[in-house]
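These are the residues of each chain, in order.
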Amino acid sequence: MRKNQDMPFTDEHKKEVEINLVKAVITGLEKDQLTEDGLPEIADTILARIDTITNQDQLAEFLTELSAKWPIFENILHIELGKVKSIKEKEVARDVLNLANSGNIEEAIRLAKTMTES
Amino acid sequence: MPTTAQLSETGLTAEALLAQKKEGQAPGATEKQKTIGKLQDAIAGDNPREGYRVMKEAGSGINTEEIKLRRSQDFAPRERDATTGELKRTAAQEDRIDRVATAENITSEYLQKGFAALSDPDKDYLRAKVEAQIMQWPEGAKLFNSLPPAERQARIDRMLTTEGAVRHNIREAFNEATKVEALDNKDVLTALKKFEDSQATLKVKELEFNQADAAFTKAFNAADEFTGRRGKAVELGKLQKSKDALMQSLQAAKAEYATLDAQHKLLDSELKSISGYAQNNQQALDEANRVRGEFDTQRQKIAKLGSDIGKAEAQLARLEELEAQKLEAEEKRDALEIERQKAETAFQDAQRNKLDAQASLKMAQDAQEVKENARVAAAEGIVDKGFGNYLDEGVMRGEEARKAMQKAQMEKETDDDKRAARGELLDRWSTDKRSLTNLKGETKMDKKQVAADKDLLMTGGPKEFVKKVLKGKDGGLMSDTRAQELVNDPAFMAEMQNDIIGNFLSVAREANNLSAKDILQLRKTDWGLAGITKSIEMRQTNNPAEVQPFLDHLQVNTVAEAVAKLSGQDKINGTDTSLFLLFLLGKGILELFGSTSKDALRPL
């Protein structure tokens, strides 16, 4: 099974996350969850980290820190965590199928359980 | 057009987004709407980095052009250029506007673009301001003096770069300094106009006086010709002196002339009657010749008298003429003297008016200078004030924890007196009243009350101090008698004295009004040591992680053990014991400098 740190953070993905970050800021402003005073600090925080992220684990860690300070980013964190989970589930499903096809039913069931328990 | 994904993310329809964008671009849009509009543009351009740039510049609410215009209005020209006649700024004004521009430009750049985007000299300007503020706090000075320059700068840079609260406070101070009522130099310009008018009037009055003076001098000199031993005076004197004699001789001459004239006519008639027969008569001829000779003599006398009369009359006419001239000269002189006096009075009035106008102008200029200097001080003090407020806010954050603790204790209290006392501990050292320095009515530390209470505690001792607290900040909480009864009640004091003093020491520490010297004095008394212990225990309850490193450092388990261990020695691991206790009471301002307990434990 692939680890999250093996999942590269591509330029396309980075841009998508960044667009979502800006959109979250817009929403935060509209809903008065943010004031304009706080925007430079958010921009500085994002810019200080975003280009150092190389994999999904680092992205999740960054988004967790960001969300802890500014809850408006929680949705993006959940979206990204959801993506990781979805990829993991697909990979596990494929592994379960492979194990079942090879007659290793018990192992296939154990692996399937790890996903449902997580 | 925004993509579907973008729409679903923001939860807005395309129309709503477009409407929002238009709203953000509309002339009357608020700063927030404008920022949202710019962020939408960044998304539409698929350029989140542009979005970050917008974010970094947002929130300052600063209109650079407006501020520049405001500066030029506040330091509007108020001196007349001698060459062009136009109004110009004074040299001092030019210096002031330059200083304000420097302060405002650097601060607005910082607020709009962030610390990292500033030039090195501008960064140094802000660093120096912040460091100066930090150095005003004794612990700040001690901490920063103990740090290598690079670390010192790194801490300041970090505060200016990442601390939103620092930026927020500096922005508030910036707005306060730049959005107050504009300076008005109307009074100076009015005074200048009056002064210039007075100068013009003075010139006219001076000219009029000089003309009147010249005319009077001329008239005076003309009249003066008739005084003293001057020509006309002498001539007039002589004529006046001989006037009577002249008159008499003229009358006599005229009388004699009349007699002679009658005789002359008689002789003429006689001569005519003789002449008819005198041709044949020698005697008659001789008589005729005698009469003719007498006639000629008489005629000569008459001629002589006529000449004398003419001379006398001419002299009298000259006398009359001179007298008339003298009178006219004197009248003219007197009239012109009045004119001269009037002109002199007007000239003196104009001189006085000019001096008055000059004094009024000087006063108006001085008043304007005071206002302009205050404007400079406000602009140059933006960062100082903003950072100072940031520190004050930090102090109040520490107060909030103590207050929360006291509130909980107060709510549990069943005894009315103790409840009242705990209620007093809640708000005694805070103020939320609006004032000139607290326009928003924010809760701030009442440093004056803290200072007064500390003086009372250190000089009056625990009983006086507790009694004062029981009577309340405004003196109306308890009567003097009741407060005295409670102070004399050992049971009440056993429970409340340490709490009251402990609370106060925590507040005094937060307010930076407690020194190692004060701690040394308190350490010498049982009540002082008990108060210190209580205060540290309160800190331990609120934030054990802050106290534990000290206990570990001292290798003790409780605060009481720590205080007992420290009370018997002057130094602990190279640090003054009183100073160590001070840091054990609280980090004070150090907390705001990104410090940890390591800073407090650092040998100072």
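The structure presented is a predicted model; accordingly, all values stated were derived computationally and were not measured.

A. Looking closely at the overall build of chain B. Within chain B one finds 24 helices and six strands. Residue burial in chain B is summarised as follows: out of 604 residues, 41% are buried. The contacts of chain B with a sequence gap of at least 6 include a subset with a gap of at least 24, amounting to 68%. Total accessible area on chain B stands at roughly 31,800 Å², and carbon and sulfur atoms take up 51% of it.

B. The overall build of chain A, seen in detail. In terms of helices and strands, chain A carries five helices and zero strands. The order of α-helices and β-strands along chain A, N terminus first, is α-α-α-α-α. Burial analysis of chain A (118 residues in total) assigns 45% to the buried set. Summarising the internal contacts of chain A: among those between residues at least 6 apart in sequence, 57% fall at separations of at least 24. Surface exposure of chain A reaches about 6,400 Å², of which carbon and sulfur atoms provide 52%.

C. Structural detail: the packing of aromatic side chains. Residues and elements named next belong to chain B. One pass over the full model with this rule turns up five aromatic pairs over all chains. Residues Phe216 and Phe220 carry aromatic rings whose centres are separated by 5.8 Å and whose planes lie at 45° to one another, so their mutual orientation is tilted. Of this pair, Phe216 and Phe220 both sit in helix H11 (residues 186–224), four residues apart, which is roughly one turn of the helix. With centroids separated by 5.1 Å and ring planes inclined at 55°, the aromatic side chains of Phe465 and Phe504 adopt a geometry described as tilted. Note that Phe465 is positioned in helix H16 (residues 447–471) and Phe504 in helix H18 (residues 490–510), a separation of 39 residues in sequence. Of the two residues, Phe465 and Phe504, neither departs from the other in class, the shared state being buried. By way of ring pairs, the aromatic residues Trp429, Phe465 and Phe504 are connected into one cluster. When the ring centre of Phe115 is taken as origin, the NZ or CZ atom of Lys123, which lies over that ring, is 5.7 Å away.

D. Seen up close, the confidence of the model for chain B. Residues and elements named next belong to chain B. When pLDDT is averaged across chain B, the result is 84; 87% of the residues are at 70 or more. The low-confidence segment residues 434–440, where pLDDT is below 50, has nine contacts with residues more than four positions distant or belonging to other chains. This model gives residues 594–604 a pLDDT under 50, and the stretch forms 27 contacts once residues within four places in sequence are excluded. Note on the complex model: pTM 0.57, ipTM 0.81.

E. Looking closely at the environment of B:Arg96. Along the chain, B:Arg96 falls in helix H6 (residues 91–113). In contact with B:Arg96, not counting residues within four places along its chain, are B:Phe75, B:Arg78, B:Glu369, B:Glu372, B:Asn373 and B:Val376.

Scoring rules and cut-offs
Residues numbered from 1 in each chain as written. Chains lettered and ligands numbered in written order. Predicted model: local features only at pLDDT ≥ 70, side-chain atom pairs only at ≥ 80, totals over all residues. Heavy atoms only, no water. Helix = DSSP H or I, 4+ residues; strand = E, 2+ residues; numbered from the N terminus. Buried < 20%, exposed > 50% of the residue type's maximum accessible area, 1.4 Å probe, protein only. Contact = heavy atoms within 4.5 Å. Areas by Shrake-Rupley, 256 points an atom, 1.4 Å probe, with all protein chains shown as cover. Phe/Tyr/Trp six-rings, centres within 6.5 Å; stacked < 30°, edge-to-face > 60°. Lys NZ or Arg CZ within 6 Å of the ring centre and 35° of its normal. pLDDT = per-residue confidence, 0-100.

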